[in-house]
Amino acid sequence: MKNGVDPTGRNVEKPRIVEDAMDRTKPWQLSEIVDPVQCRLVTMPDSTDSSSKVVRLLYTNSGAGLLALGSNGVQKLWKWARNEQNPTGKATASVVPQHWQPNSGLLMTNDISGVNLDEAVPCIALSKNDSYVMSACGGKVSLFNMMTFKVMTTFMSPPPASTYLAFHPQDNNIIAIGMEDSTIHIYNVRVDEVKSKLKGHQKRITGLAFSTSLNILVSSGADAQLCVWSIDTWEKRKSIPIQLPAGKAPVGDTRVQFHSDQLRLLVAHETQLAIYDASKMERIRQWVPQDVLPAPISYAAYSCNSQLIYATFRDGNTGVFDADSLRLRCRIAPSTYFSPAALSGSQGVYPAVVAAHPIEPNQFALGLTDGSVKVIEPSEPEGKWGSSPPVDNGILNGRAASSSTTSNHTPDQAQR
């Protein structure tokens, strides 16, 4: 993909010509949002709970709901109703959704008996049809019915505790479960049996991502290693360390997510965002915290069309990046979603997790360390987060474009 131009012409829009003409006359500027009036933002009702920070966040696959897992093991679900204000019935920052609970008043609560919540690593995954959600919070894994909130079954009693969950993309009965003891269990729910145990990491599993086109499972761990497994045989094909800055110990959660092309892989670690060509497991690009975003990264996710990457930072900022070039398009400051009181408090508050809407590429949700959940969109309904930084003879806004440390591979290799 040359200079972020999509060869399929998917994102060619008429106004671009005007935009380009304007770009030539004035230097490109980073879009910065510092106030809630500069975007559309809604806070989920009943979400703020200082005793439980949001640790995992998912949109439902239909795009009409948002599911948060708190550090206390309780899940909350918000749903947007279809009405005159919101004819599509999808999640939107223009309408406050309903904190949804079944008539029974049942809560979706994980089994946390005997669990030290400070050390537990919560994990969650949702079935494709939104009927079931499974999660764990240091204890056994529970499979919940999304309509009744009832626990259908539990499995994988610790030790070891489960630290990451992923449904097999072609079979909802098969689940990959990353463990605290660094193994990955391939578990069949229907027959309640572990089919394979994958060993290749040194520390707990922090990420799992399937690619159906490459027929692989990529795992990442707190050991800053990536492993590639064959989906057919579950044999290990490859293991590589992520490239860390000099002097940085290989610690911290490493997360992985496939681009919608199922070939490129986003690897996020507190020290970097990186894009890999998963067929060879070669790094194509890397960005390290710098300039207006110097803090460690807390989480990152592709937008639904994989043209943007949303990344959250420990100093409270959120960055919106161009997914191909890893260039920053827009910075959203903590003053946009935190009150002045929260920002001046002794507890440093920041977004711990970000989720991208499954249909609307410019919408994302943040789970904040004060327990609240917010959905954020650009101020205009068709709006975007800033514009792509221009690439002029390798000079970006007066600075060498290499500041987004591109590795020695040409970006065209990603096209294959």
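Right, let's walk through the structure included here.

Rules used throughout
Residues numbered from 1 in each chain as written. Predicted model: local features only at pLDDT ≥ 70, side-chain atom pairs only at ≥ 80, totals over all residues. Heavy atoms only, no water. Pairing = 2+ DSSP bridges. Helix = DSSP H or I, 4+ residues; strand = E, 2+ residues; numbered from the N terminus. Axes fitted to C-alpha atoms, helices over the stretch in contact; angles between N-to-C directions. Salt bridge = Lys/Arg side-chain N within 4 Å of Asp/Glu carboxyl O. Buried < 20%, exposed > 50% of the residue type's maximum accessible area, 1.4 Å probe, protein only. 1 Å grid on protein atoms, 1.4 Å probe; cavity = no way out; pocket = protein on both sides within 12 Å on 5 of 7 lines; lining within 4 Å. Points joined across faces, edges and corners; volume = space filled by probe spheres on them. Nonpolar A, V, L, I, M, F, W, Y, C, P; charged D, E, K, R; others polar. Contact = heavy atoms within 4.5 Å.

## Considerations on the pairing of strand β15 (residues 193-199)
For a regular strand, the rule is simple: side chains alternate between the two faces of the sheet.
Logical step 1: Relative to β15, strand β14 (residues 183-188) runs antiparallel, the two being bridged by 6 bridges. Counted as the bridge partner of N188 is E193 from β15.
Logical step 2: Here β14 hands over to β15 after 4 residues, with D192 in that stretch at a positive phi of 50°.

## Observations regarding the sheet that holds strand β8 (residues 123-126)
In any sheet, the strands associate via hydrogen bonds between backbone groups, in a parallel or an antiparallel arrangement.
Logical step 1: Taken in spatial order, the 4 strands line up as β8-β9-β10-β11 in an open sheet, and their pairing is antiparallel. Taken across any chain shown, the strands that pair with only one partner, and hence form the sheet edges, are β8 and β11 (151-155). Between one strand axis and the next, the sheet turns through 15° on average, direction left out of account.
Logical step 2: Across 4 bridges, strand β9 (residues 132-136) lies against strand β10 (residues 141-145) in antiparallel orientation.

## Description of the pattern of salt bridges
Any two side chains of opposite charge can pair, so long as their charged atoms come close to each other.
Logical step 1: According to the stated counting rule, one finds 10 salt bridges in the structure shown.
Logical step 2: For D324, the salt bridge identified is with R264, shortest N-O distance 2.8 Å. Of this pair, D324 sits in the loop between β26 (318-322) and β27 (328-332) while R264 sits in strand β21 (residues 264-269); the two residues are 60 residues apart in sequence, bridging distant segments of the chain. Accessibility classification places D324 together with R264 in one group, the buried group.
Logical step 3: Across the salt bridge formed by K280 and D277, the nearest N and O atoms sit 2.9 Å from each other.

## A closer look at empty space enclosed by the protein
Logical step 1: Tallied over the entire structure, the rule returns 1 cavity of 30 Å³ or more.
Logical step 2: Considering the residues around the largest cavity, the lining is formed by R56, V121, T163, Y164, T206, D253 and R255.
Logical step 3: Residues belonging to the lining of the largest cavity are distributed by class as follows: 2 nonpolar, 2 polar and 3 charged.

## Topic: the environment of L165
Logical step 1: Structurally, the position occupied by L165 is in strand β12 (residues 162-168).
Logical step 2: Note on L165: relative accessible area 3%, which makes it buried.
Logical step 3: Sequence separation between L165 and L208 is 43 residues; the distance between their C-alpha atoms is 7.4 Å.
Logical step 4: If we skip the residues at most four places from it in the chain, L165 touches C123, I124, A125, M134, S135, A136, V141, A176 and I177.

## Observations regarding the sheet that holds strand β13 (residues 171-179)
Logical step 1: Spatial strand order, β12-β13-β14-β15: 4 strands in an open sheet with antiparallel pairing. Each of the sheet's edge strands pairs with one partner strand only, and the pair in question is β12 and β15. Averaged over all neighbouring strand pairs, the angle between strand axes comes to 20°, with direction disregarded.
Logical step 2: Of the pairings in the sheet, the one linking β12 to β13 comprises 6 bridges and is antiparallel in character.

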